[in-house]
Amino acid sequence: MTYSVINDNRLFYTDEGPDDGPGAGSGDGRADGPGPGRSRRTGETLLLVHGATCDSHDWSAQIGAFAARHRVIAPDLRGHGRSSGLSGGQRPREFAADLAELLDGVDAGPVVVVGHSMGAVIASVLAVEYPSLVRAVVAVDPGYGFEAGFVPQLAAAFRVPDPVGTAALVLAGLENPAADGPEADALRVWHRRRILGMDPMTVRDVFHGMFDETAAPLTARPGVEAYLSRRACPVLTLSAASSLKAKGVDGDWEESLSRHPYSASVVLDGVGHWLFQERPAEFNALVLGWIEGLPPA
């Protein structure tokens with residue numbers, strides 16, 4: 001395991017790639033990624049950013065497949081997983097600032113940022129506000145594009161004595177109701193138990209940071225449209241059809257906000273919010289194929 005102290009918090013991350021041996025991604029508390037002087041085979045550097053109340057374990061079905069061709073950095077955001085969150089807030093811009101410092105510390109960038117849900121919001125903040133660090137964005141069922149009236153309602157839902165219980169109910173509603181069998185059941189249990197293990201005030205702050213009036217320009221229409229249009233890099237969006245329907249948009253909406261001609265939007269039917277866990281082989285092939293075709297920087 002590797003940790004780095006960033007903005008007074010201790011962030012856990014792994015750093016793996018095609019030329020790493022069995023000990024890759026483990027260390028003694030210092031950043032032991034490639035750094036200056038360590039060679040890497042040709043390929044991109046991928047930064048995997050999980051969603052709210054999740055952690056980097058979400059990418060377990062992706063890390064090996066991606067690291068076979070590319071360098072892969074997978075952190076736990078502050079206050080999530082094995083990272084501490086004792087200092088600072090829990091807003092997308094604060095998470096993005098942590099990741100920008102992490103990338104600088106491990107001599108990485110520009111990177112392809114693969115972000116799920118809130119992680120896609122953070123990826124977009126990186127692309128807009130730290131453009132020199134971002135080669136491309138892969139937004140996975142992104143946590144933006146909601147109707148303006150819905151966002152304050154969701155923020156208000158977390159002003160309760162039990163924000164953890166609220167989060168468990170909200171995220172349970174994003175699971176794929178059609179998925180059955182032991183693997184689907186295990187995913188639901190894993191997602192729920194992980195939320196139940198989080199600090200209640202962190203959960204409250206994370207969802208307020210996504211949906212209160214200050215955050216609305218990053219998540220709610222129409223303000224978010226102007227913000228997303230500032231992403232100059234290629235953007236691949238992979239969305240669950242059910243999520244787009246709930247937001248009142250379609251795949252063309254996202255693609256219309258991506259300035260780069262290589263940008264694309266893919267809509268998957270019959271999946272839930274964690275589509276990359278439900279269909280990992282399909283997801284990995286789509287993302288890796290798109291990355292292989294990225295135009296020269």
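See the structure shown above.
Below you will find a few notes about this structure. (Residues numbered from 1 in each chain as written. Predicted model: local features only at pLDDT ≥ 70, side-chain atom pairs only at ≥ 80, totals over all residues. Heavy atoms only, no water.)

## Describing the pairing of strand 1 (residues 2–6)
Side-chain positions along a regular strand alternate between the two faces of the sheet. Here is the rule: Exposure is judged per residue with a 1.4 Å probe applied to protein chains only, and the accessible area is read against the type maximum: over 50% gives exposed, under 20% gives buried, and values in between give partly exposed. Numbering of helices and strands starts at the N terminus; helices are DSSP runs of H or I of at least 4 residues and strands are runs of E of at least 2. Between any two strands, at least two bridges found by DSSP are needed for them to pair.
By the criterion of burial, strand 1 is predominantly enclosed, with four of the five residues buried. Direction of pairing for strand 1 relative to strand 2 (residues 9–16): antiparallel, over a ladder of five bridges. Bridge assignment links Thr2 to a residue of strand 2, and that residue is Tyr13. Between strand 1 and strand 2, which pair antiparallel and follow one another directly, the connecting turn spans two residues, one of which, Asn7, has a positive phi of 50°.

## Some thoughts on the packing of helix 1 (residues 60–67) against helix 13 (residues 280–292)
Operational definition: Where helices are involved, their axes are fitted lines through C-alpha atoms of the stretch in contact, as for all axes, and angles between N-to-C directions lie from 0 to 180°. An angle below 35 degrees is read as roughly parallel, one above 145 as roughly antiparallel, one from 65 to 115 as roughly perpendicular, and any other as oblique. By convention the crossing between two helices is left-handed if the near helix lies anticlockwise of the far one by an angle smaller than a right angle, and right-handed if it lies clockwise. The contact definition used throughout considers only heavy atoms, calling two residues in contact when any of these lie within 4.5 Å. All residues other than Ala, Val, Leu, Ile, Met, Phe, Trp, Tyr, Cys, Pro, Asp, Glu, Lys and Arg, Gly among them, are scored as polar; the first ten of these are nonpolar and the last four charged.
Two numbers describe how helix 1 lies on helix 13: the axes approach to 10 Å, and their chain directions differ by 40°. Taken as axis vectors, helix 1 and helix 13 run oblique relative to one another. Pair helix 1 / helix 13 crosses with right-handed handedness. Contacts between helix 1 and helix 13 involve Ala61, Gln62, Ala65 and Phe66 on the former and, on the latter, Pro280, Phe283, Asn284, Val287 and Leu288. Within the contact of helix 1 with helix 13, the residues separate by chemical class into seven nonpolar, two polar and no charged.

## A look at the packing of aromatic side chains
For any pair of aromatic rings, the description consists of the separation of the ring centres together with the inter-plane angle of the planes. As a reminder of what qualifies: Note on ring pairs: Phe, Tyr and Trp rings are taken, using the six-membered ring of Trp, and paired if centres are within 6.5 Å. Classes follow the plane angle, with under 30 degrees stacked, over 60 edge-to-face and the rest tilted. Note on criteria: charge over ring means Lys NZ or Arg CZ within 6 Å of the ring centre, with the direction from the centre no more than 35 degrees off the ring normal.
With the rule as written, the count across this model stands at eight aromatic pairs. Considering the side-chain rings of Phe158 and Phe207, the 4.2 Å spacing of their centres and the 5° angle between planes classify their relative orientation as stacked. Separated by 49 residues along the polypeptide, Phe158 in the loop between helix 4 (150–157) and helix 5 (163–172) and Phe207 in helix 7 (residues 200–211) bring together distant segments of the chain. Here the two residues Phe158 and Phe207 agree in accessibility, since each one is buried. Taken together, a centroid distance of 5.8 Å and an interplanar angle of 45° make the contact between Phe276 and Phe283 tilted. A single burial state applies to Phe276 and to Phe283, both of which are buried. Among the aromatic residues, those joined into a ring-pair cluster are Trp59, Phe276 and Phe283. A cation over a ring is seen here: Arg82 above Phe12, with NZ or CZ 4.5 Å from the ring centre. Looking at Lys247, its charged tip hangs above the ring of Phe146, at a distance of 5.3 Å from the centre.

## What about empty space enclosed by the protein?
Put simply, the rule reads: Note on definitions: the grid is 1 Å and covers protein atoms alone; a cavity is a set of points where a 1.4 Å probe fits but cannot get out; a pocket is an open set with protein on both sides within 12 Å along at least five of seven lines; lining residues have an atom within 4 Å of a point. Grid points are joined across faces, edges and corners, and a volume is the space filled by probe spheres set on the points.
Inspection of the entire model under this criterion finds one cavity of 30 Å³ or more. Of the voids in this model, the largest cavity is the one considered here, and its volume is about 50 Å³. Split into classes, the residues belonging to the lining of the largest cavity amount to five nonpolar, two polar and two charged.

## Topic: the nonpolar core
Selection criterion: Side-chain atoms within 4.5 Å link the members of a nonpolar core, which is a set of buried Ala, Val, Leu, Ile, Met, Phe, Trp, Tyr and Cys residues.
Leu47, Leu48, Val138 and Phe283 are the most contacted members of the largest nonpolar core, which has 87 residues in total. In terms of residues, this core owes the most to one element, helix 3 (residues 118–129), which gives nine residues. Residues in contact with Leu47, not counting those within four places in the same chain, are Ile73, Pro75, Leu99, Leu103, Val111, Val112, Val113, Val114 and Leu126.

## What about the layout of surface pockets?
Reported here for the largest pocket is a volume of approximately 550 Å³. Those elements that provide at least two residues to the lining of the largest pocket are strand 7 (146–147), helix 4, helix 5, helix 7 and helix 10 (241–247). When residues in the lining of the largest pocket are grouped by element, the largest group, four residues, is from helix 10. Each residue belonging to the lining of the largest pocket can be placed in one class, and the counts come to 17 nonpolar, ten polar and four charged. There is about 180 Å³ of room inside the second largest pocket. Ala179, Glu183, Ala184, Leu187 and Glu278 are the residues nearest the centre of the second largest pocket, which is lined by 14 residues in total.

Geometric descriptors of this kind do not, in isolation, establish any biological role.
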